[in-house]
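Geometric and topological summary
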Amino acid sequence: MQIKETDWEYKVCASGRVNIIGEHVDYCGGKVLPAALTLKNTVYCRPNGTNEINIEWTTLPERVTLDINFLGQYKSLKFGNYQAGSAYVWREAGYPLQGCDMLMDCKVPFGSGLSSSAAIEVSTLAALRTLTNTPVSDVQIALLAQKAEREYVGMNCGIMDQYASACGRKDHAMLLDCKTIQCEYIPLELGNYALVIIDCRKPHNLVESKYNERRSETEQALYILQALDSSISCLADVSPETFRKMSPALPGKIRDRAEHVIYECDRVRKAVLAMKEGRILDLGTLLNESHESLSRLYEVTGHELDALAAIAQSHPACIGSRMTGAGFGGCTISLVQKDAVQDFVSYTLSSYTAETGYEAKFYEAGVSDGITVQKL
Ligand code: GLA
């Protein structure tokens, strides 16, 4: 569909994201290191003077109408449920809501682990904020979007995706402390290396239930460790040294999950130091270790993501590769010498297809701001 910008009052964007390191630790109070992408969801919007939100898509033939007085009833919509959930939590929070028309133009690939859902929720909420001129901060928008994802969509997610989508900064990684929701922006300077994003394109399902299962396993680990030391408030509080002493108290898989979280938090700390000191080779090694831990201890990779990461790691210009996001499918990120990116991509795509039968996809994306609003 052609977009005629002059038909609309505002253009509101929010970003997809990659996570450089710190995977499956946000809901354990850990620090994460995401970056917002130039792949975005854009909402073109205008008030319509009714009690309805009309949604159209540039990429779908669908058209959905939501009654703003009955927003609880759209949970099972195939398209429009993220927008309905966002409007629902907005209204529940007591903010003003009025009927409007929205055109969605989503450039974040769905199901790729690059947080298309967060980009849709955050941009929808930012559009409602703009249309009603409500003084709500970007951080509050992120928190509301997380609420929509948890309570409306049913994925018991952490705060990383929505925060990165809302509060990202061009050319910066974000060291987000998920316990305090404080963020330090770090210039994403990778020297001679580029960050390459490749989607394994394995159709994935049951992500939500598997994700929620991992969450409850980490909660079980926390309860057991808290019984031994009541000063522990979250798994991220536990150092690797303390964990080594306490781990015999944890049963098999629960111990593995906790071990991943605790050592991944330690890798984030080391990765940030490496980035700040320009030790990009060390950062690459940490990415490899993170993938290994997500595969072996946290069990969220699967054959395809493991194959994609291993193939990437075997290319001579690649210094590190790992899955990014929730896992069970989706993307890897790799650090690759800038002048060898093309060769790396073609080698990785063809070897991956030979090994798995799936066609992986390379996404060209830069690091960008989170929410942007333009009056048209
Ligand atoms: C998903 C969730 C995030 C985070 C990642 C894993 O993207 O939405 O909150 O838990 O998985 O790091």
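Look a little higher up for the structure.
Each helix and strand in the protein chain was counted, giving 10 helices and 13 strands. Computed over the C-alpha atoms, the radius of gyration of the protein chain is 21 Å, within 12% of the 21 Å expected from 2.2 N^0.38 for a compact globule of 376 residues. Burial statistics for the protein chain: of 376 residues in total, 56% are counted as buried. Put simply, of all contacts in the protein chain between residues at least 6 apart along the chain, 71% involve residues at least 24 apart. If you sum the accessible surface of the protein chain, you get close to 15,400 Å²; carbon and sulfur atoms cover 48% of it. Charged side chains in the protein chain number 37 positive and 46 negative. The centres of these two groups are separated by 2 Å.

This part covers the packing of helix 8 (residues 280-296) against helix 9 (residues 302-314). The N-to-C vectors of helix 8 and helix 9 enclose an angle of 160°; their axes lie 11 Å apart at closest approach. On the basis of their axis angle, the class for helix 8 and helix 9 is roughly antiparallel. As for how helix 8 packs across helix 9, the hand of that crossing is left-handed. Where helix 8 approaches helix 9, its residues N288, H291 and S295 are matched on the opposing element by L305, D306, A309 and Q313.

This part is about the site of the ligand. All residues adjacent to the ligand are R17, E23, H24, D26, Y27, C157, G158, M160, D161, Y211, G325 and A326. In the model, an oxygen atom of the ligand is placed 3.1 Å from a nitrogen or oxygen of the R17 side chain. With respect to the ligand, the side chain of D161 contributes an N or O atom lying 2.6 Å from an oxygen atom. Burial of the ligand by the protein chains amounts to 96% of its free accessible area of 310 Å². Looking at side-chain class alone, the shell around the ligand contains five nonpolar, three polar and four charged residues.

Here the focus is unusual backbone geometry. At N133, a residue that is not glycine, the phi angle is positive and equals roughly 50°. Tracing the backbone shows N133 in the loop between helix 2 (116-132) and helix 3 (138-153). Not every positive phi belongs to a glycine, and F328 is a case in point at roughly 60°. On the basis of relative accessibility, which here comes to 8%, the residue F328 falls in the buried class.

Let's shift gears to the nonpolar core. Counting residues in each nonpolar core, the largest one holds 89 residues, and the members touching the most others are I53 and M102. Residues in contact with M102, not counting those within four places in the same chain, are W8, V43, Y44, C45, I53, N54, I55, E56, T124, A127 and L128. Counting 33 residues, the second-largest nonpolar core is a separate cluster that includes I20, A119, V272 and L335.

We now examine the sheet that holds strand 12 (residues 361-363). Read from one edge to the other, the open sheet built from four strands follows the order 10-11-9-12, with strand pairing classed as antiparallel. Only two strands of the sheet have a single neighbouring strand rather than two, namely strand 10 (318-323) and strand 12. Between one strand and the next, the sheet's axes are offset by a mean angle of 25°, whatever the strand orientation. Strand direction decides the pairing type here: strand 9 (residues 193-199) and strand 12, joined by three bridges, are antiparallel. Paired with D199 across the strands is K361, a residue of strand 12. Of the strands in this sheet, strand 9, strand 10, strand 11 (331-337) and strand 12 are in contact with helix 10 (residues 341-356), which crosses strand 9 at around 25°.

Hydrogen bonding along the main chain pairs the strands of a sheet, whether they run parallel or antiparallel. Spatial strand order, 5-4-6-3-1-13: six strands in an open sheet with mixed pairing. Only two strands of the sheet have a single neighbouring strand rather than two, namely strand 5 (63-67) and strand 13 (372-375). Taking the axes of each pair of neighbouring strands and ignoring which way they run, one obtains an average angle of 25° across the sheet. Pairing geometry for strand 1 (residues 10-19) and strand 13, over four bridges, is antiparallel. Paired with C13 across the bridge in strand 13 is T372.

The next thing to look at is the side chain of R215. By the element assignment, R215 lies in helix 5 (residues 207-228). Contact partners of R215, with chain neighbours within four places excluded, come to Y27, R150, N156, C157 and G158.

With that settled, the discussion passes to the packing of aromatic side chains. Taken as a whole and assessed by the stated rule, the structure comprises five aromatic pairs. Plain terms: the ring middles of Y27 and Y211 are 5.4 Å apart, the flat faces sit at 70° to each other, and that makes the pair edge-to-face. Taken as a pair, Y27 in the loop between strand 1 and strand 2 (31-32) and Y211 in helix 5 lie far apart in primary sequence, 184 residues in all. Accessibility assignment for this pair places Y27 and Y211 in one class, buried.

What follows covers the environment of A271. Topologically, A271 is positioned in helix 7 (residues 252-276). Assessed through its relative accessible area of 0%, A271 is described here as buried. Considered as a pair, A271 and S368 are 97 residues apart in the sequence and their alpha carbons are 21 Å apart. Sequence-distant contacts of A271, defined by excluding residues within four places in its chain, comprise I21, L283 and L286.

Basis of the calculations
Just so you know, the residues in each chain are numbered from 1, in the order the chain's sequence is written. It should be noted that, the model being predicted, local features are given only for residues of pLDDT at least 70 and side-chain atom pairs only at 80 or more, the latter also being counted only at that level, while totals for whole chains, interfaces and linings use all residues. Each side-chain value is worked out from all heavy atoms of the structure, with water and hydrogens disregarded. Counting from the N terminus, the helices are the DSSP runs of H or I reaching at least four residues and the strands are the DSSP runs of E reaching at least two. As a reference, a globule follows 2.2 Å times the number of residues to the power 0.38, and the radius of gyration itself is taken over C-alpha atoms. The buried label applies to any residue whose accessible area, calculated with a 1.4 Å probe on protein chains only, is under 20% of its type's maximum; exposed applies above 50%, and partly exposed to all values in between. Contacts between residues were defined by any pair of non-hydrogen atoms, one from each residue, lying within 4.5 Å. Calculation of accessible area relied on Shrake-Rupley with a 1.4 Å probe; when residues are assessed, cover is drawn exclusively from the protein chains displayed. Charged-residue counts in this description rest on Lys and Arg as positive and Asp and Glu as negative, His and the chain ends being excluded. Every charge is mapped to an atom, namely NZ of Lys, CZ of Arg, CG of Asp or CD of Glu. Lines are fitted to the C-alpha atoms to define the axes, a helix being fitted only along its stretch in contact, and any angle between axes, read from their N-to-C directions, falls within 0 to 180 degrees. Just so you know how the angles are binned, under 35 degrees is roughly parallel, over 145 roughly antiparallel, 65 to 115 roughly perpendicular, and the rest oblique. Crossing chirality is assigned from the near helix's rotation relative to the far helix, an anticlockwise turn below a right angle marking it left-handed and a clockwise turn marking it right-handed. One heavy atom within 4 Å of a molecule or strand makes the whole residue count as near it. We define a polar contact as two N or O atoms separated by no more than 3.5 Å, with the added condition that, inside protein, one atom must be a possible hydrogen donor and the other a possible acceptor, whereas residues neighbouring each other in sequence contribute only through side-chain atom pairs. Put simply, Ala, Val, Leu, Ile, Met, Phe, Trp, Tyr, Cys and Pro go in the nonpolar bin, Asp, Glu, Lys and Arg in the charged bin, and everything else, Gly too, in the polar bin. To define a nonpolar core, start from buried Ala, Val, Leu, Ile, Met, Phe, Trp, Tyr and Cys residues and group those joined through side-chain atoms within 4.5 Å. In this analysis, strands are considered paired if DSSP registers two or more bridges between them. Ring geometry is summarised as follows: Phe, Tyr and Trp rings, the Trp one being its six-membered ring, pair when their centres sit within 6.5 Å, and such pairs are stacked at plane angles under 30 degrees, edge-to-face over 60 and tilted between the two.

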